[in-house]
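Chain and residue survey
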Amino acid sequence: MIPFADLQFFLILLIVLLPAVVLGLLGKSLRLYTLIALVIMLSLIFAGSSQQALFLALYVAWQWSIIKGYSVVRQQNNSLLLYRLALLGSLLPLVTAKLSPFLGHSPFGFLGISYVTFKCLQMVIEIRDGLIFQPLFRDFLAFLLFFPTLSSGPIDRYRRFTKDFYITPGPGEYRELLYVGINRIFQGFLYKFILAVLIKVYWLDKVVLPPWQVASFFSYMYAYSLYLFFDFAGYSAFAIGVSNILAIKTPENFNRPFLSANIKEFWNRWHMSLSYWFRDYVYMRLAMALTRQKRLQSKFAISSVGYLSLFGLMGVWHGLERHYFAYGLYHAALMIGYDAWEKLNKEKKLWGPGPYTRVISIILTFHFVCLGFVIFSGVLN
């Protein structure tokens with residue numbers, strides 16, 4: 001069973017969430033029931049695949065041994081080597097899952113392995129930084145396998161999640177969470193099951209795409225971009241809505257991304273939890289390391305290396321097919337190009353602020369982004 005994919009899932013979800021609503025309205029803690037709901041929903045999600053369920057159990061045991069072990073060792077030894085080994089160990093299951101089909105083996109992995117791996121890596125990094133000390137298995141399990149966000153995010157942070165996990169909202173506060181949660185679930189239905197379906201059935205599926213026909217290309221580009229947004233934003237709305245009902249304020253994932261006036265603004269609005277994760281744990285750390293080691297003197301060169309690394313990894317994270325890698329490099333080129341343009345514009349004053357220039361910027365950014373989605377779709381292969 002795939003989360004938020006069909007009516008059956010929502011009917012089961014309704015039954016599972018009713019006790020949480022009653023407990024919340026009574027001002028009772030939802031911590032224990034959240035764990036019960038997690039076990040119930042995971043059992044249903046993986047009921048059709050005993051292999052995936054086994055992989056999941058092994059994955060949890062592996063990651064917990066690394067995170068708990070490293071948190072203990074970190075208190076006595078802040079070794080860079082041990083930190084790198086912990087990161088590599090945490091990343092190993094995802095790398096195995098990505099490579100196994102190309103090596104002729106049956107796929108290793110389970111639904112959501114990419115997203116939960118980001119959570120594990122984040123915990124290892126923050127243990128190294130001294131922000132996480134002695135995580136409890138109960139908290140780790142709830143954070144890692146929180147079922148609303150399991151398969152496609154948003155990607156939460158351990159300390160933010162556990163703060164909500166241990167807070168018991170009063171009846172008035174819970175009513176607000178419930179109201180927001182229900183509204184987000186209805187938004188998810190509108191986006192994913194109405195707008196995305198209409199776009200796919202009546203537009204995207206009807207586009208014939210010979211590469212030499214400009215009209216067909218642009219039609220596909222607009223249709224696929226809008227479909228991708230409404231489908232993914234709808235899923236995120238479901239995840240956030242259900243999280244609220246369980247008194248967990250899962251972070252937002254989309255903030256009107258197609259109204260972005262430049263590519264940097266777009267990545268602050270699109271799949272925000274993923275872009276912030278890469279910004280905080282890849283780009284910023286690489287930039288600081290390059291600055292500290294003085295390997296590159298120019299800030300532009302440092303940021304360019306950072307963008308190439310960040311978006312290259314983001315492309316590979318989506319998959320090892322060449323169109324995903326091309327998608328990552330394309331966005332790295334856009335970010336580097338925008339940095340160069342911003343620097344030039346600051347010196348030459350070629351493009352000033354104002355409502356008209358912003359509208360033109362939004363239109364240009366929208367088309368650059370949509371072209372990237374065409375690359376991402378693999379249709380140009």
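What counts and how
Residues numbered from 1 in each chain as written. Predicted model: local features only at pLDDT ≥ 70, side-chain atom pairs only at ≥ 80, totals over all residues. Heavy atoms only, no water. Core = buried A, V, L, I, M, F, W, Y, C linked by side-chain atoms within 4.5 Å. Buried < 20%, exposed > 50% of the residue type's maximum accessible area, 1.4 Å probe, protein only. Helix = DSSP H or I, 4+ residues; strand = E, 2+ residues; numbered from the N terminus. Contact = heavy atoms within 4.5 Å. Salt bridge = Lys/Arg side-chain N within 4 Å of Asp/Glu carboxyl O. 1 Å grid on protein atoms, 1.4 Å probe; cavity = no way out; pocket = protein on both sides within 12 Å on 5 of 7 lines; lining within 4 Å. Points joined across faces, edges and corners; volume = space filled by probe spheres on them. Nonpolar A, V, L, I, M, F, W, Y, C, P; charged D, E, K, R; others polar. Domains from an automatic or database assignment. Phe/Tyr/Trp six-rings, centres within 6.5 Å; stacked < 30°, edge-to-face > 60°. UniProt positions renumbered as here; feature names shortened; annotations may be inferred.

Quick word on the nonpolar core
- Grouped together as the largest cluster of nonpolar side chains are 115 residues, with contacts concentrated most on F4, L13, W267, W270 and F373.
- It is helix α9 (residues 214-245) that provides the largest number of residues to this core, a total of 16 residues.
- Sequence-distant contacts of W270, defined by excluding residues within four places in its chain, comprise L228, F229, N253, F254, P257, F258, S275 and F373.

Points about the pattern of salt bridges
- By the definition in use, this model includes 15 salt bridges.
- Among the salt bridges present, the one from D280 reaches R279, with a minimum N-O distance of 2.9 Å.
- Taking the relative accessible area as the measure of exposure, D280 reaches 24% and is therefore partly exposed.
- You can call R279 partly exposed: its relative accessible area is 35%.

Considerations on the layout of surface pockets
- The computed volume of the largest pocket comes to approximately 1,100 Å³.
- In this structure, the largest pocket is lined by 32 residues; those nearest its centre are Y83, L87, Y281, V282 and L313.
- At the level of elements, α4 (80-99), α5 (113-128), α11 (272-293) and α12 (299-318) are the ones that each hand at least two residues to the lining of the largest pocket.
- Residue contributions to the lining of the largest pocket peak at 11 residues, all from α11.
- Looking at the lining of the largest pocket, its residues break down into 23 nonpolar, two polar and seven charged.
- Split by domain, the lining of the largest pocket shows at least three residues from each of two domains, domain 1 (30-166) and domain 3 (258-377).

What to know about the packing of aromatic side chains
- Counted by the stated rule, this structure contains 51 aromatic pairs.
- Judged by centre distance (5.2 Å) and plane angle (80 degrees), the rings of F4 and Y235 are edge-to-face. With a gap of 231 residues between them, F4 in the segment before α1 (7-25) and Y235 in helix α9 connect regions that are remote in the sequence. With respect to class, F4 is no different from Y235; both count as buried.

What to know about the UniProt feature "transmembrane region" (unreviewed entry) in the protein chain
- With numbering matched to this structure, UniProt assigns "transmembrane region" (unreviewed entry) to residues 7-26, 32-60, 81-100, 131-150, 185-204, 224-248, 300-318 and 362-380.
- Span residues 185-204 is 90% helix and 0% strand, its end C-alpha atoms 25 Å apart.
- As annotated, residues 300-318 comprises 100% helix and 0% strand, and the C-alpha atoms at either end are separated by 27 Å.

What about the environment of G109?
- Here G109 lies in the loop between α4 and α5.
- The exposure class of G109 is buried, given its relative accessible area of 12%.
- Along the sequence, G109 and P154 sit 45 residues apart, while their C-alpha atoms lie 20 Å from each other.
- Aside from chain neighbours lying at most four places away, what touches G109 is Q52, F55 and A97.

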